[in-house]
Amino acid sequence: MKVATWNVNSIRARLERVVPWLEAVRPDVLLMQESKVTDEQFPREAIEALGYQLATHGQRTYNGVAVLARAPIEVLSRGYADGGDDSEARFLDARVGGVRFLCAYVPNGKEIGSPHWEKKLAWLDRLRGYLEARCTTAEPIVLGGDLNVAPEAADVANPDAWASSVLFHPEAREALARVTRWGLVDAFRLRHPEPGLYSWWDYRMLAFPKNDGLRIDHLLVTPPVVPRVREASIDRNARKGKQPSDHAPVLLELDP
DNA sequence: ATGGTTGCTTAGCAA
């Protein structure tokens, strides 16, 4: 079973990159972030024509998450439904073929100390709360998405420079670590202990050609999934060429 | 170097 996560930075702007990628890679499940479109305006037909089923949780202009799968999708929750502010479409919980997929788009945080930053930290704490309230570590779960945090120095091209940014600040790393400590394992790291593998490069400052990147897109799994992780990869080719997303897809191959 | 680029929506915001 091939599982992927990809922040596409607008599905409508990216359709001509996403469709050929799905045809070539054929993931069984794709967790998508930043669709930037309402559920009504999502280009479903182009996806369904490839044999995918689709569960969307979108909104106008910003955010938006979706689960694509080559098998039926059972939606368990759109948003956290925890009584808090669910106005931003950043979370989708769905079951596909006996595995539970939590698709998350963590707020960027913009700038340390800003209201966006406080919201980012609070959102990660809500994610931890959702795991505690709605999930167990005994079930097979894949929590995937653009988590907008690089966990370790090995995940950042220039750790000293990025330590003051919202993507690699110690408080952001600690907030993500609180989520992971609930009982999740970084499945990519399991198969790739080496440093220097990134999933996002800024569009600006020639970041991709200079490989000034960060690994901020993750697939975290519960203990029952750990022995099933056969391979992990980042598809850098998807970041190349014409009109790419600023994120590359991250992939896992899971044994049955 | 407070720059640079992209997308949505149309000038300003978010990333």
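Quick note: structure is the one above.
Residues numbered from 1 in each chain as written. Chains lettered and ligands numbered in written order. Predicted model: local features only at pLDDT ≥ 70, side-chain atom pairs only at ≥ 80, totals over all residues. Heavy atoms only, no water.

A.B. asks: Can you explain the nonpolar core? Please cite residues and give values.
C.D. replies: If you look at the biggest cluster of nonpolar residues, it comprises 33 residues, and the most contacted ones within it are Phe91, Leu102, Leu143 and Leu214. Those elements giving two or more residues to this core turn out to be β7 (99-105), α3 (115-134), β8 (141-146) and α5 (170-180). Here this core takes seven residues from α3, the largest share from any one element. In contact with leucine 214, not counting residues within four places along its chain, are Ala150, Asp155, Val156, Trp162, Leu167, Phe168, Tyr198, Ser199 and Trp200. (Core = buried A, V, L, I, M, F, W, Y, C linked by side-chain atoms within 4.5 Å. Buried < 20%, exposed > 50% of the residue type's maximum accessible area, 1.4 Å probe, protein only. Helix = DSSP H or I, 4+ residues; strand = E, 2+ residues; numbered from the N terminus. Contact = heavy atoms within 4.5 Å.)

A.B. asks: Account for α3, with residues named and values stated.
C.D. replies: Taking 1.5 Å of rise per residue, 20 residues should cover 28 Å, and α3 covers 28 Å from first to last C-alpha, within 8% of that figure. All of the buried residues along α3 are Trp117, Lys120, Leu121, Trp123, Leu124, Leu127, Tyr130 and Leu131. Buried residues along α3 sit against β5 (73-78), β6 (91-96), β7, β8 and α5. (Expected span 1.5 Å × (residues − 1).)

A.B. asks: Go over the protein's contact with DNA strand B with me, naming the residues and quoting the values.
C.D. replies: Close to DNA strand B lie 17 residues, the nearest being Ser10, Arg14, Thr61, Arg90 and Arg204. Close to the protein, within 4 Å, the atoms of DNA strand B are drawn from sugar and phosphate at a rate of 64%. Serine 10 is positioned with one of its side-chain polar atoms (N or O) 2.4 Å from a phosphate oxygen of DNA strand B. One of the side-chain nitrogen or oxygen atoms of threonine 61 is found 2.8 Å away from a phosphate oxygen of DNA strand B. (Near = heavy atom within 4 Å. Polar contact = N/O pair within 3.5 Å; in protein donor to acceptor, adjacent residues only side chain to side chain.)

A.B. asks: Could you give me a rundown of the sheet that holds strand β9 (residues 185-186), with the residues and numbers involved?
C.D. replies: Across the sheet, which stays open at both edges, the six strands sit in the order β5-β6-β7-β8-β12-β9 with mixed pairing between neighbours. Edge positions in the sheet fall to β5 and β9, since each has one partner strand and no second. Together, β5, β6, β7 and β8 form the strand contacts of α3, whose direction differs from that of β7 by roughly 165 degrees. (Pairing = 2+ DSSP bridges. Axes fitted to C-alpha atoms, helices over the stretch in contact; angles between N-to-C directions.)

A.B. asks: How would you summarise the packing of α3 against α5 if you had to cite specific residues and measurements?
C.D. replies: In a pair of packed helices, the angle between the axes and the distance between the axes together describe the arrangement. Contact geometry of α3 with α5 gives a least axis separation of 8 Å together with a crossing angle of 10 degrees. As judged from the angle between their axes, α3 and α5 are roughly parallel. For the pair α3 and α5, the contacting residues are Trp117, Leu121, Leu124, Asp125, Leu127, Arg128 and Leu131 in the first and Glu171, Ala172, Ala175, Leu176, Arg178 and Val179 in the second. Taken together, the residues that form the contact of α3 with α5 break down as nine nonpolar, no polar and four charged. (Parallel < 35°, antiparallel > 145°, perpendicular 65-115°, else oblique. Nonpolar A, V, L, I, M, F, W, Y, C, P; charged D, E, K, R; others polar.)

A.B. asks: Provide a residue-level description of the packing of aromatic side chains, including the pertinent values.
C.D. replies: In the structure shown here, the tally under the stated rule is seven aromatic pairs. Centroid distance tryptophan 6 to tryptophan 21: 4.9 Å. Interplanar angle 55 degrees. Geometry classified as tilted. Of this pair, tryptophan 6 sits in strand β1 (residues 2-7) while tryptophan 21 is found in helix α1 (residues 11-25), placing the two residues 15 residues apart along the sequence. By the burial criterion, tryptophan 6 is buried, and tryptophan 21 matches it. Feature note: the residues Tyr80, Phe91, Trp123 and Tyr130 constitute an aromatic cluster, connected by ring pairs. The positively charged end of arginine 70 is found above the aromatic ring belonging to tyrosine 52, 5.5 Å away from the centroid. (Phe/Tyr/Trp six-rings, centres within 6.5 Å; stacked < 30°, edge-to-face > 60°. Lys NZ or Arg CZ within 6 Å of the ring centre and 35° of its normal.)

A.B. asks: Account for the pattern of salt bridges, naming residues and giving values.
C.D. replies: Scanning the entire structure with this criterion turns up 19 salt bridges. The closest approach of N and O atoms between glutamate 132 and arginine 128, which form a salt bridge, is 2.6 Å. Separated by four residues within a single helix, glutamate 132 and arginine 128 lie in helix α3, roughly one turn from each other. Classification of glutamate 132 by relative accessible area gives partly exposed; the value is 47%. We classify arginine 128 as partly exposed; its relative accessible area is 24%. Between arginine 181 and glutamate 174 there is a salt bridge, with its nearest N and O atoms 2.7 Å apart. On the basis of relative accessible area, glutamate 174 is assigned to the partly exposed category, the value being 33%. By sharing partners, the salt bridges in this structure join Asp125, Glu174, Arg178 and Arg181 into a single network. (Salt bridge = Lys/Arg side-chain N within 4 Å of Asp/Glu carboxyl O.)

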